[in-house]
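Understanding the architecture of this molecule
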Protein chains: 2
Amino acid sequence: MPSVKENATTEAEEQPLGWQAQKSAATRNLILDAAITCFIDLGYAMTTTAKISNKAGLSRGAMLHHFPSKSALIQAAVEYLHRRRLDAFRDAVSRIPADETDRIRAGINVYWQHLTSPLFVAFHELAVAARTDSELGDILYPAVDSFDQAWYETAKALFPEWEKTGDVFDLAMDLTQNLMEGMAINHMQEKDEQRAERLLTFLAKQLESMLEESNI
Amino acid sequence: MPSVKENATTEAEEQPLGWQAQKSAATRNLILDAAITCFIDLGYAMTTTAKISNKAGLSRGAMLHHFPSKSALIQAAVEYLHRRRLDAFRDAVSRIPADETDRIRAGINVYWQHLTSPLFVAFHELAVAARTDSELGDILYPAVDSFDQAWYETAKALFPEWEKTGDVFDLAMDLTQNLMEGMAINHMQEKDEQRAERLLTFLAKQLESMLEESNI
DNA sequence: TGATTCAAACATACCTGACTGTTTTTTAGG
DNA sequence: CCTAAAAAACAGTCAGGTATGTTTGAATCA
């Protein structure tokens, strides 16, 4: 068993007492990881409580002890996925060297890395399901807004020199987000690395020139 | 024994004898339309045979007479949807006036119209489901390839002056397709017409300049 | 013409399997 | 001991498939 390092989910405040029983939090995370893996491997629709508990390595009864219903589990999984997406993205951005010369291309690479990761696949499954599942939508859409805002703020922080470009920055971000997400979704079905690389290079050049033009 | 009975499914050629029984083709189309409507309204995952037959206005048994299994129905629905998408798209392109001055923007508008139509929503449902449903994938992917090729050929026919640009044309088409599909998928969740319009205008300008630059 | 025939179109009932949620029972920790 | 975690057994629902029954309508021949 790993040590008490793991207070993960909603333990915002300090718990000086890492109860032994608090180790059930580890089981919770185990279950939530299994749920996300199921979204990726089976798709949201074919994900059942039995499959999740099986993947997590415990019985359905045990899982229902931690999450009394499927919708409770789904809700927790959505929030867990959101947290992991945010953490992974911010972490990757923070790894960009401060003296990076081509920050635009570095930023593109970071986002592309995220979009081609399993986390985004899981998110996309949820997003599609939410279109016709209002209960899921109520849980998911706030997370979407939160991620989009964090994405926008991160980009603004990474490119302070775009500050004065105003509208151009918004247009550039819109272009980047829509193009790259479209690429990512197509990439799920047919991976063509060369074609993706060409488009990303084009996008980087394009963003450069948008910055130059508006910085006269 | 019936004389003209044979070619029921592929009545591509004129059948002077559209005997009454042949009107079952109408019922088939009714069912397939209902199936696609269900994909749009409920999503692929929540579409059941009962829901489809109900939407079509007949009993499940009656439907099972025309399509002996669910997968047979799905297969027919995929092909039907593909046909309707192709027809609608080609028809819309053919309606672009020959003397249209801004053919690029007209082409963009036609494709955007398609991407925001229910047919594309239904297609996207199928595409997502196919990722984790290989049986569906086997049916869907050939249709995808067919549509993509038709899209590419249509674009080449619409813009003959790009003929000599070679790679630039391919890049422009890649950009257009990925960007607009990304926009369309985001558009399903949150419709922001103004933002879409801005991006489409930008894309049109961008394509213009790509053409100019390579036509020196 | 009109009665008979026969297959297709349509409908009803039931069976099986899977999924969710509840309840009950066992195991382990403090 | 006593409480929480884990497992197992049970029940209700719903989906898809099969089997069988009913209607319709066109073709055939007296």
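These remarks concern the structure in this document. (Residues numbered from 1 in each chain as written. Chains lettered and ligands numbered in written order. Predicted model: local features only at pLDDT ≥ 70, side-chain atom pairs only at ≥ 80, totals over all residues. Heavy atoms only, no water.)

**Observations regarding the packing of aromatic side chains**
Going through the model one piece at a time under the given rule, you end up with 16 aromatic pairs over all chains. Among the aromatic residues, ring-to-ring pairing joins A:F89, A:Y111, A:F147 and A:W151 into one connected group. Lying over the aromatic face of B:F123, B:R85 brings its terminal NZ or CZ to 4.0 Å of the ring centre. For B:R85, the ring lying beneath its charged end belongs to B:F147, and the centroid distance is 3.9 Å. (Phe/Tyr/Trp six-rings, centres within 6.5 Å; stacked < 30°, edge-to-face > 60°. Lys NZ or Arg CZ within 6 Å of the ring centre and 35° of its normal.)

**Here's the deal with the side chain of A:T49**
Residue and element names in this part refer to chain A. Here T49 is to be found in helix α2 (residues 49-56). Assessed through its relative accessible area of 18%, T49 is described here as buried. In terms of polar contacts, T49 uses its side chain to reach the side chain of R60, at 3.2 Å. In this structure T49 touches R60, M63 and K70, once residues within four positions along its chain are discounted. (Helix = DSSP H or I, 4+ residues; strand = E, 2+ residues; numbered from the N terminus. Buried < 20%, exposed > 50% of the residue type's maximum accessible area, 1.4 Å probe, protein only. Polar contact = N/O pair within 3.5 Å; in protein donor to acceptor, adjacent residues only side chain to side chain. Contact = heavy atoms within 4.5 Å.)

**With respect to helix α7 (residues 134-158) of chain A**
All names here are of chain A. The terminal C-alpha atoms of α7 lie 35 Å apart, and with 25 residues this matches the ideal 36 Å at 1.5 Å per residue to within 8%. The sharpest bend along α7 measures roughly 30 degrees and falls at L140, with the proline P142 sitting one to four residues further on. Listed in full, the buried residues belonging to α7 are L136, G137, I139, L140, A143, V144, F147, A150, W151, T154, A155 and L158. Those residues of α7 that are buried are in contact with α4 (70-94), α5 (103-115), α6 (118-131) and α8 (167-189). (Expected span 1.5 Å × (residues − 1). Bend = angle between axes of the 7 residues up to and from the residue.)

**Some details on the pattern of salt bridges**
For the structure on display, the rule yields 18 salt bridges over all chains. Its salt-bridge partner being A:K55, residue A:D41 comes within 3.6 Å of it at the nearest N-O pair. With A:D41 in helix α1 (residues 24-42) and A:K55 in helix α2, the pair connects residues that are 14 residues apart, well separated along the chain. Take A:K55: its relative accessible area is 46%, and that puts it in the partly exposed class. Among the salt bridges present, the one from B:R103 reaches B:E161, with a minimum N-O distance of 3.0 Å. Highlighted residues: B:R103 in helix α5 (residues 103-115) and B:E161 in the loop between α7 (134-158) and α8 (167-189), separated in sequence by 58 residues. Through salt bridges with shared partners, a single ionic network connects A:D174, B:D192 and B:R195. (Salt bridge = Lys/Arg side-chain N within 4 Å of Asp/Glu carboxyl O.)

**Some details on the packing of α8(A) against helix α9 (residues 193-214) of chain A**
Two measures define how a pair of helices packs: the angle their axes make with one another and the distance between the axes. Residues and elements named next belong to chain A. It is at 11 Å that the axes of α8 and α9 come closest, and there the two elements cross at 175 degrees. As the angle between them shows, α8 and α9 are arranged roughly antiparallel. Taken together, the residues of α9 that come into contact with α8 (itself represented by V168, L171, A172, L175, T176, L179, M180, M183 and H187) are E193, A196, L199, L200, L203, Q206, L207, M210 and S214. When its residues are assigned to classes, the contact of α8 with α9 shows 13 nonpolar, four polar and one charged. (Axes fitted to C-alpha atoms, helices over the stretch in contact; angles between N-to-C directions. Parallel < 35°, antiparallel > 145°, perpendicular 65-115°, else oblique. Nonpolar A, V, L, I, M, F, W, Y, C, P; charged D, E, K, R; others polar.)

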